[in-house]
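# An overview of the molecular structure
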Amino acid sequence: MSADRGPVDARLAAASESATEPERYEFRAPAVHHFELQRRDFFKFLGAGVLVVCALKQVAVGQESGARPPGGFGFGEPLPKEISAWLHIGENGVVTVYTGKVEIGQNIRTSLAQAVAEELRYPLGKIELTMGDTQLTPYDMGTFGSRTTPTMNLQLRKVAAAAREQLIALAAAKWNVDAQKLKAVNGRVEIAGTRKSIAYGELVAGQQLTAVIPADDPLIPPAQWTVEGRSISKVDGRDFVTGKHRYPSDQTLPGMLHGKILRAPSFGGTLVSINAPSFDLADNVTFVRDGSFAGVAAASEDAAIRALNSLQAKWNEQPQISNSDLFAYLKSNPVDATGFDGAQKYETGSVDKDLAAADHQLHQTYTVSYIQHAPLEPRAALAQWSGNTLTVWTGTQRPFAVRTELAQAMHVPEEQVRVLMPDMGAAYGGKHTGECAVEAARLARAANAPVKLVWTREEEFTWAYFRPAGVIDVAGGIRSDGTLVAWEFTNYNSGAAAVRTFYEAPSQRIVFQPTRYPLRQGSYRALAATANHFARESFMDELADAANMDPLAFRLKNLKNDRLRAVFEAAAEKFGWNRAKPAPGHGFGIGGGFEKGGNVATCVEAAVDRESGFVKIARIVVAFECGAIVNPANLKNQIVGANVMGLGGALFEKIDFANGRILNPKFSEYRVPRFSDVPPIDVVLLDRKDIPPAGAGETPIVGLAPAIGNAIFQATGKRLRSLPMVPNGLNRA
């Protein structure tokens, strides 16, 4: 991009709808394993009832659900005009909704059910969602990017509204009355002003009907919501609390074997030779070698471990860099940005001239380490073959992409592969790929029996991909009154998400520079928005200090976006920014920004023990606005969860590695937030019913790290420019 495209808020909105962010490295990475080796009829699964097919106009990229055209499509391509969404109203009164989105702890099973209940005028407790089943649900790119609420919620609202109108038409025909005299209420169609009514299930008895709705179907506006906008308890929440829910790692089948994979001693190692001794017949061991892939399946997990440990392998390894060389390596190994969808390069004004003329100018560098996603449930898969037909239960954010991986790896048509995704134990962007499913499928084919494979914590920490590390160079110039006049920002490797500044500056040069990278890397909650906000908001505090201005006042002076101003002001008011002063050894910090349709501002009070260097976060206040709120309680849960997770990356989470080996691949060595680390977190929600709902799973995390760093600076006068900031305490930072 070489020219200004309009107001800052318009540019930000356009950026949020852009193609795949480049830091989704795992999307373009080659398959981990290389082995030598149609459409479906939905009606047979459904029986009688009303089936609604939603036909939408062609829309811009950003929508992630739809029927995949021949040859597939990427994020930079226009979507097909028809996007199928399924809603089935059974004779038994149960409404079944089909969506390719998946539940990974963010509670969309509840919020999507609310969307259907709202427009269908149906009891929430009688709505069931079938999610992430590639045989029953429409194609979907995956559950990521905070897109479920702005896209799938809207889509299911349209489908439910169409079903409601179809039911009214059925009742009108049945009673031979004007449809205008009928209304849908609580799962029944009734004649207004009378007691005559009929349940939806009775209306559809013995019928299989299809309705097509237009893209501009009128929906109930947020101001009139009665189900959406309310704090509804988690669907099936009791099952999760009592342990009844079966995660991917809990799945079982009769005759199932347990799998284990032989891993290389370092990244990129290739298998030269292997000696498999005789196994105990009682363990029913199957040994597989396919290229550099080797594994075993056995009657029990213990037997599989014994069999794996008995293998004697020789590997070819290559020298690799270590953690101490990381940031120098990234800056000295740039690669061509061509082909990085969504890569940013933006310039306007005269940056060099305005920097030189500024009353104050500043140049700083910030760094971000590799970190792990650390979900409580590691990767797991259960694979079963029936002839050349494969069924896999696995934890993934992208069931259809995993189906493609399986089909390609096992050399079978996609139509012969079914992937099911039981609600899993978290992902945070880390389960977009299906290597565990592929491994289980390969073992199952060799064993001619179902095989279950659950990665160990060490495997999850070593062989899954990491949040990209990065180096960010920032330069800025201001007038003596604090007016920002020039801005230069270059991100090496981490990514382009939220790389553009939301502050007003007439001259800007903003670049994302991809590089070679030593570890496998990919998506993480909020992508590079966390790194870019950390650098930008830390630097804004440094500029405010140079101008001798209050950090909040400095931001507001250079910020015209009303939605961002509103969250900064709301967070500051709740926190008492202008009323309270920090106690000795304490500091206040602020940070915030915009990403994926959401606006966040975070205030932090940090306490620092100067003698020990121990940093304790005393309290956090977060103000968040993402348009109309679908479920306030769940939104608060997402915000609190994001900030608890963000504590780790801000303070102490960091992958240590040397010569292709991870040095801290377990929770006893990799520090994640503990209960004792979590301070009181106050959440202020700004409900904008005049703005369509946006997602909230990612954006709330981005303001925390800079707010913590800014608070530590106020408490100590020490500026920390690397994430994590205090992995070993402040005195060693």
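About the criteria used
Residues numbered from 1 in each chain as written. Predicted model: local features only at pLDDT ≥ 70, side-chain atom pairs only at ≥ 80, totals over all residues. Heavy atoms only, no water. Helix = DSSP H or I, 4+ residues; strand = E, 2+ residues; numbered from the N terminus. Expected span 1.5 Å × (residues − 1). Buried < 20%, exposed > 50% of the residue type's maximum accessible area, 1.4 Å probe, protein only. Phe/Tyr/Trp six-rings, centres within 6.5 Å; stacked < 30°, edge-to-face > 60°. Lys NZ or Arg CZ within 6 Å of the ring centre and 35° of its normal. Salt bridge = Lys/Arg side-chain N within 4 Å of Asp/Glu carboxyl O. Contact = heavy atoms within 4.5 Å. Axes fitted to C-alpha atoms, helices over the stretch in contact; angles between N-to-C directions. Left-handed = near helix turned anticlockwise from the far one by under 90°. Nonpolar A, V, L, I, M, F, W, Y, C, P; charged D, E, K, R; others polar. Core = buried A, V, L, I, M, F, W, Y, C linked by side-chain atoms within 4.5 Å. Parallel < 35°, antiparallel > 145°, perpendicular 65-115°, else oblique. Pairing = 2+ DSSP bridges. Polar contact = N/O pair within 3.5 Å; in protein donor to acceptor, adjacent residues only side chain to side chain. pLDDT = per-residue confidence, 0-100. Right-handed = clockwise from strand over helix to strand, strands pointing away. Arc of directions from axis to C-beta.

## With respect to helix 18 (residues 704–716)
Across its 13 residues, helix 18 extends 18 Å between first and last C-alpha, which sits within 8% of the 18 Å expected from 1.5 Å per residue. A large share of helix 18 lies buried, amounting to 10 of its 13 residues. Of the residues making up helix 18, those classed as buried are L704, A705, P706, A707, I708, G709, N710, A711, I712 and A715. G717, located one to two residues past helix 18, shows a positive phi value of around 80°.

## Section: the packing of aromatic side chains
Counted under the stated rule, the structure contains 18 aromatic pairs. Pairing F461 with Y670 gives two aromatic rings, centres 5.0 Å apart and planes at 80°, and the pair type is edge-to-face. With a gap of 209 residues between them, F461 in helix 13 (residues 457–463) and Y670 in the loop between strand 27 (661–662) and strand 28 (681–685) connect regions that are remote in the sequence. Relative accessible area serves as the criterion here: at 0%, F461 is assigned to the buried category. Take Y670: its relative accessible area is 1%, and that puts it in the buried class. Taking the centre distance of 5.6 Å and the plane angle of 80° together, the rings of W487 and F539 count as edge-to-face. Pair noted here: W487 is in strand 21 (residues 484–492) and F539 is in helix 14 (residues 529–546), with a separation of 52 residues, a long-range link. Looking at W487, the relative accessible area reads 0%, which means it is buried. When its relative accessible area of 0% is taken as the criterion, F539 is described as buried. Ring pairing ties together the aromatic residues Y370, F466 and F657, which thus form one cluster. Between the NZ or CZ atom of R442 and the centre of the ring of F35, over which it lies, the distance is 5.6 Å. Here R536 stacks its cationic end above the ring of F489, 6.0 Å away from the centre of that ring.

## Quick word on the pattern of salt bridges
Inspection of the entire model under this criterion finds 37 salt bridges. As a salt-bridge pair, R509 and E347 come within 3.2 Å of each other at their nearest N and O atoms. You can see R509 sitting in strand 22 (residues 507–513) and its partner E347 sitting in strand 14 (residues 345–348), a full 162 residues away along the chain. Exposure remark for R509: the relative accessible area of 18% places this residue in the buried category. Owing to a relative accessible area of 32%, E347 belongs among the partly exposed residues under this scheme. D352 is the salt-bridge partner of R509, the closest N and O atoms lying 3.4 Å from each other. With R509 in strand 22 and D352 in helix 10 (residues 351–357), the pair connects residues that are 157 residues apart, well separated along the chain. Judged by its relative accessible area of 51%, D352 is exposed.

## Overview of the environment of A601
For A601, the location among the structural elements is in strand 24 (residues 598–608). Considering only alpha carbons, one finds A601 and A623, 22 residues apart in sequence, at a separation of 5.3 Å. What A601 contacts, discounting residues up to four positions off in sequence, is V567, F568, A571, G591, G592, V621, V622 and A623.

## Some remarks on the packing of helix 14 against helix 18
At a minimum axis separation of 8 Å, helix 14 and helix 18 run at an interaxial angle of 30°. Handedness of the helix 14/helix 18 crossing: right-handed. Of the residues in helix 18, those in contact with H533, F534, E537, S538, D541 and D545 of helix 14 are A705, P706, N710 and F713. Residue composition of the contact of helix 14 with helix 18, by class: 4 nonpolar, 3 polar and 3 charged.

## Regarding the nonpolar core
Ranked by size, the top nonpolar core spans 108 residues in total, and within it W487, L543, I617, I655 and I708 carry the most contacts. In this structure, V97, A172, V189 and Y200 belong to the second largest nonpolar core, which totals 34 residues.

## Observations concerning the packing of helix 4 (residues 108–120) against helix 5 (residues 148–175)
Following both chains from N to C, one finds helix 4 and helix 5 inclined at 30°, their axes separated by 7 Å at the closest point. Between helix 4 and helix 5, the crossing angle belongs to the class labelled roughly parallel. When you trace helix 4 past helix 5, the crossing you get is right-handed. For the pair helix 4 and helix 5, the contacting residues are I108, S111, L112, A115, V116, E119 and L120 in the first and T148, M152, N153, L156, R157, A160, A161, A163, R164 and L167 in the second.

## What about the pairing of strand 2 (residues 86–89)?
Of the two faces of strand 2, the one lined by W86 and H88 and the one lined by L87 and I89 are each fully buried. Here strand 2 folds back onto strand 3 (residues 95–99) in antiparallel fashion, the turn holding 5 residues, of which G93 has a positive phi close to 90°.

## Focus on the side chain of D133
Relative to the helices and strands, D133 resides in the loop between strand 4 (127–131) and helix 5. Side-chain polar atoms of D133 contact the side chain of R418, separated by 2.6 Å.

## A closer look at the sheet that holds strand 7 (residues 197–199)
The strand order across the open sheet formed by 3 strands is 5-6-7, and the pairing between neighbours is antiparallel. Edge positions in the sheet fall to strand 5 (182–185) and strand 7, since each has one partner strand and no second. Put simply, the sheet's adjacent strands are angled 20° from each other on average, direction ignored.

## A word on the confidence of the model for the chain
The predicted model of the chain has a mean per-residue pLDDT of 90, with 89% of residues at 70 or higher. Counting contacts from residues 38–46, a segment whose pLDDT is below 50, to residues more than four positions away or on other chains yields 19 contacts. Across residues 55–84, confidence stays below pLDDT 50; counting only partners more than four residues off in sequence or on other chains, it has 74 contacts.

## A closer look at the sheet that holds strand 23 (residues 586–595)
Think of a sheet as strands paired side by side through backbone hydrogen bonds, with each pair either parallel or antiparallel. Sheet architecture is open: 4 strands sit in the order 23-24-25-28, paired in mixed fashion. With one partner strand each, in any of the chains shown, strand 23 and strand 28 form the two edges of the open sheet. This sheet shows a mean twist of 15° between the axes of neighbouring strands, independent of strand direction. Direction of pairing for strand 23 relative to strand 24: antiparallel, over a ladder of 10 bridges. Looking across to strand 24, one finds that H586 is bridged to A607. Where helix 17 (residues 632–651) meets the sheet, it contacts strand 24, strand 25 (615–625) and strand 28, and its direction lies at approximately 130° from that of strand 28.

## Some points on the pairing of strand 18 (residues 417–420)
Relative to strand 18, strand 17 (residues 389–394) is paired through 4 bridges, and the arrangement is parallel. In the sheet register, W393 faces strand 18, and the bridge partner there is L420. Of the crossover connections in this fold, the one passing from strand 17 over helix 11 (residues 399–410) to the parallel strand 18 is right-handed.

## Topic: helix 8 (residues 301–309)
Buried within helix 8 are the following residues: A303, A304, A307 and L308. Down the axis of helix 8, the smallest arc covering the buried residues is 135°, so these residues share one side. Structural note: helix 8 exposes D302 and N309 on the side pointing more than 90 degrees away from its buried face. Along its buried surface, helix 8 packs onto strand 9 (257–261) and strand 12 (293–298).

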